[in-house]
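# Descriptive analysis of the structure
Below are the chains, spelled out letter by letter.
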Amino acid sequence: MKTLDRIPTGKIERASKLVKTGAKIGGNYAKYLGKKIINPDTTKDELNEDNATDIYDGLKSLKGSALKVAQMLSMEKNLLPNAYVEKFSLSQFSVPPLSAPLVRKTFKKYLDKYPEEVFDTFEKDSINAASIGQVHKATKDGKTLAVKIQYPGVAQSISSDLAIVKPIATRMFNLQGKDSEKYFKEVENKLIEETDYLLEVAQSIEITKACFGIPNIKFPQYYTDLSSERIITMDWMTGKHLSEFTNTNFSQETGDKLGQALWDFYMFQIHGLRKVHADPHPGNFLVNVENELIAIDFGCIKEVPDSFYIPYFELAKPENISNDKIFTDKLYELEILVATDKPNEIVFFKSLFHQLLSLFTSPFHNEEFDFGDEVFWSKIANLGENFASDKQIRKMNGNRGSKHFLYMNRTFFGLYNLLHDLKANIKVNNFKKYLD
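Report on the accompanying structure. Counting restarts for each chain, with residues numbered from 1 along the sequence as it is written. With the structure being a predicted model, the display of local features is reserved for residues of pLDDT at least 70 and the display and counting of side-chain atom pairs for 80 or more, all residues being used for whole-chain, interface and lining totals. Processing note: side-chain calculations cover all non-hydrogen atoms of the structure and skip hydrogens and water entirely.

### A few points about the overall build of the chain
Secondary structure elements follow DSSP: runs of H or I of four or more residues count as helices, runs of E of two or more count as strands, with numbering from the N terminus. When its secondary structure is counted, the chain shows 18 helices and 13 strands. When a residue's accessible area, from a 1.4 Å probe over protein chains only, is under 20% of the maximum for its type it is buried; when over 50% it is exposed; and in between it is partly exposed. Scored against the burial criterion, the 436 residues of the chain give a buried share of 52%. Residues are treated as being in contact if the distance between any of their heavy atoms lies within 4.5 Å. Intrachain contacts of the chain at a sequence separation of at least 6 include 72% that bridge at least 24 residues. For the chain, the exposed area adds up to about 20500 Å²; of that, 54% sits on carbon and sulfur atoms. Note that accessible areas follow from Shrake-Rupley with a 1.4 Å probe, and for residues the cover is restricted to the protein chains shown.

Below is the structure:
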């Protein structure tokens, strides 16, 4: 794979790159419309493929928060055309890495020493490259280590990158008015946290220590003396990325085992720690030869305050969803309904969220749940298609819900997708025995 000798860090240079990408997309639409005139049966498949490729190619050289947004979108398997999901998923762990000279220069800037001065061996070529940093293999005192180095300029470009993508996101999610600012601020704050590697090391040590007793999930050890604000050193963990593993011919027993570990890991964090690893994409998990799960990245941690946690999980109970008064009260607590809503808006959003919550909380309604059930996933797909084609939704203000929904929904949507890939049948309340 071609390496990068530099990354655009200036606001104007980065914006210019995205403008060029936009021009390519405009050309793709013109080409599609020309073909549509000649052949009315022409589908959008080729258009989606071309657009996904051009957007990804434009973002991958920028890295940082622009590419992180693509990574987040790749998890929305039922909301985007497949071409986008496949292309954007590359941003999880396979993008052009920094060149060896730039790696050496960046390492010296962040740790005040060159790699060869710190480690016994250091592989100049990266093993994995993602949106915010890339990983190199190293050894020291007989230990094999993974060294994550943050790309230069990423932390400084977050605010300007989000300002560039904000108009696109506003149109995509139908956000209206100044209230939408709380969602962008939430994303910005989380991305800033993800670039603070000292915070990530502290969070990693805290959560892995707390989750140590959960079976069939392993964690690396982190080395504070070999880490800094932009460098993380941890144990090298061997295994297949979860996305690679789920493409193999694994048994139902193995899928259930890994799925249960994943479910218990997440439920323990949410209900026991009131904070959660809010980035459940396949690039953050490995599967070792013993068919155990390995969690390798704790950059994005979402704290869950009681003011959100309590009503959120009260709506996971079917008796509360079916009780109109309780259901309505909880929607107000969660800011889905607001005091300024008109009667028609109240009726519309109550109906909309009743459908959504009835479906998405269904895994909590039984002692066991089969995430390999295609009926469940077809209902999700159908609901997504119905909402996408509902003209009334476009007329309504999309600013709905507490800011905490953003990363909690991302967590559950990503978790559900991973469990579906594993075709896992899980015991819903199994995690409770680890809370004590």
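### Digging into the pairing of strand E3 (residues 133–140)
Bridging between strand E1 (residues 121–122) and E3 involves two bridges; their strand directions are antiparallel. Opposite Phe 122, over in E3, you have Ala 138 as the bridge partner. Strand direction decides the pairing type here: E3 and strand E4 (residues 143–150), joined by eight bridges, are antiparallel. Considered in E4, the bridge of Val 135 is made with Lys 148. Whether two strands pair depends on DSSP finding at least two bridges between them.

### Points about the nonpolar core
Buried Ala, Val, Leu, Ile, Met, Phe, Trp, Tyr and Cys residues that are joined via side-chain atoms within 4.5 Å together make up what is termed a nonpolar core. Judged by nonpolar contacts, the single largest core of 87 residues is most densely connected at Leu 262, Trp 263, Phe 265, Phe 285 and Met 408. Considering each element in turn, this core owes the most residues, nine residues, to helix H11 (residues 252–273). The next biggest cluster of nonpolar side chains, apart from the first, holds seven residues, and it includes Ile 158, Leu 162, Ala 278 and Cys 300.

### Observations concerning the environment of Ile 321
Here Ile 321 lies in helix H13 (residues 318–321). Given a relative accessible area of 5%, Ile 321 falls into the buried group. Linking Ile 321 and Leu 357, residues 36 residues apart in sequence, is a C-alpha distance of 7.7 Å. Look past the residues within four positions of Ile 321 in its chain and what remains in contact with it is Leu 315, Phe 327, His 354, Leu 357, Ser 358 and Thr 361.

### Some words on helix H9 (residues 197–210)
Between the first and last residue of a helix there are one fewer steps than residues, each counted as 1.5 Å, and that sum is the expected span. The first and last C-alpha atoms of H9 sit 20 Å apart over 14 residues, in line with the 20 Å expected at 1.5 Å per residue. Inspection of H9 places Tyr 197, Glu 200, Val 201, Gln 203, Ser 204, Ile 207 and Thr 208 among the buried residues, and these make up the whole buried set. In a view along the axis of H9, the buried residues occupy a sector of 165°, so they form one face of it. Lining the buried residues of H9 we find E3, E4, helix H8 (181–194), strand E6 (231–235), H11 and strand E11 (301–303). A distance of 3.2 Å separates the backbone nitrogen of Leu 198 from a side-chain oxygen at the start of H9, and that oxygen is part of Asp 196. This arc corresponds to the set of directions leading from the helix axis out to the C-beta atoms. Any pair of N or O atoms that falls within 3.5 Å is considered a polar contact. Within protein, one atom must be able to donate a hydrogen and the other to accept it, and sequence-neighbouring residues count only if both atoms are side-chain atoms.

### Quick word on the side chain of Arg 410
Along the chain, Arg 410 turns up in helix H18 (residues 405–421). Engagement of the side chain of Arg 410 in a polar contact is seen with the backbone oxygen of Ala 278, the distance being 3.3 Å.

### Here's the deal with unusual backbone geometry
In this structure, Asp 141 takes a positive phi of about 55° despite not being glycine. Within the element layout of this structure, Asp 141 appears in the loop between E3 and E4. You will see that Glu 335, though not glycine, has its phi angle at about 65°, which is positive.

### So, the sheet that holds strand E10 (residues 293–295)
Across the sheet, four strands lie side by side as E5-E10-E9-E7; this open sheet has mixed pairing. Edge positions in the sheet fall to strand E5 (217–218) and strand E7 (240–241), since each has one partner strand and no second. Angles here are taken between N-to-C directions and fall from 0 to 180 degrees, while the axes themselves are lines fitted to C-alpha atoms, restricted in helices to the stretch in contact. Along the sheet, H11 contacts E5, strand E9 (285–287) and E10; its crossing angle with E9, the most-contacted strand, is approximately 150°.

### Focus on the pairing of E6
Burial runs high along E6: five of the five residues are buried. Alignment of E4 against E6, held across five bridges, turns out to be antiparallel. Bridge pairing links Leu 145 to Asp 235 in E6.

### Topic: helix H5 (residues 100–111)
End to end, H5 covers 16 Å across 12 residues, agreeing with the expected 16 Å (1.5 Å per residue, within 8%). Within H5, burial applies to Leu 102, Val 103, Thr 106, Phe 107, Tyr 110 and Leu 111. The buried side chains of H5 occupy one side of the element, clustering within an arc of 135° when seen end-on. Residues of H5 that are exposed and point over 90 degrees away from its buried face: Pro 101, Lys 105 and Lys 109. Buried residues in H5 make contact with helix H6 (115–118), E1, E3, E4 and E6. Positive backbone phi, approximately 65°, marks Asp 112, located one or two places after H5.

### Here we look at the environment of Tyr 312
As for its position among the elements, Tyr 312 is in helix H12 (residues 306–314). Exposure remark for Tyr 312: the relative accessible area of 15% places this residue in the buried category. Between the C-alpha atoms of Tyr 312 and Glu 333, which are 21 residues apart in sequence, the distance is 9.0 Å. Once residues within four sequence positions are removed from consideration, Tyr 312 is found in contact with Leu 334, Phe 405, Met 408, Asn 409 and Phe 412. Polar contacts involving the side chain of Tyr 312 include one to the side chain of Asn 409, which spans 3.4 Å.

### A closer look at the environment of Leu 422
Considering the arrangement of structural elements, one finds Leu 422 in the loop between H18 and strand E13 (425–427). Using a relative accessible area of 1% as the deciding quantity, one classes Leu 422 as buried. For Leu 422 and Phe 371, which are 51 residues apart along the polypeptide, the C-alpha to C-alpha distance reads 8.1 Å. Residues within four places of Leu 422 in sequence aside, it is in contact with Leu 242, Phe 245, Thr 246, Phe 250, Gly 255, Leu 258, Gly 259 and Leu 262.

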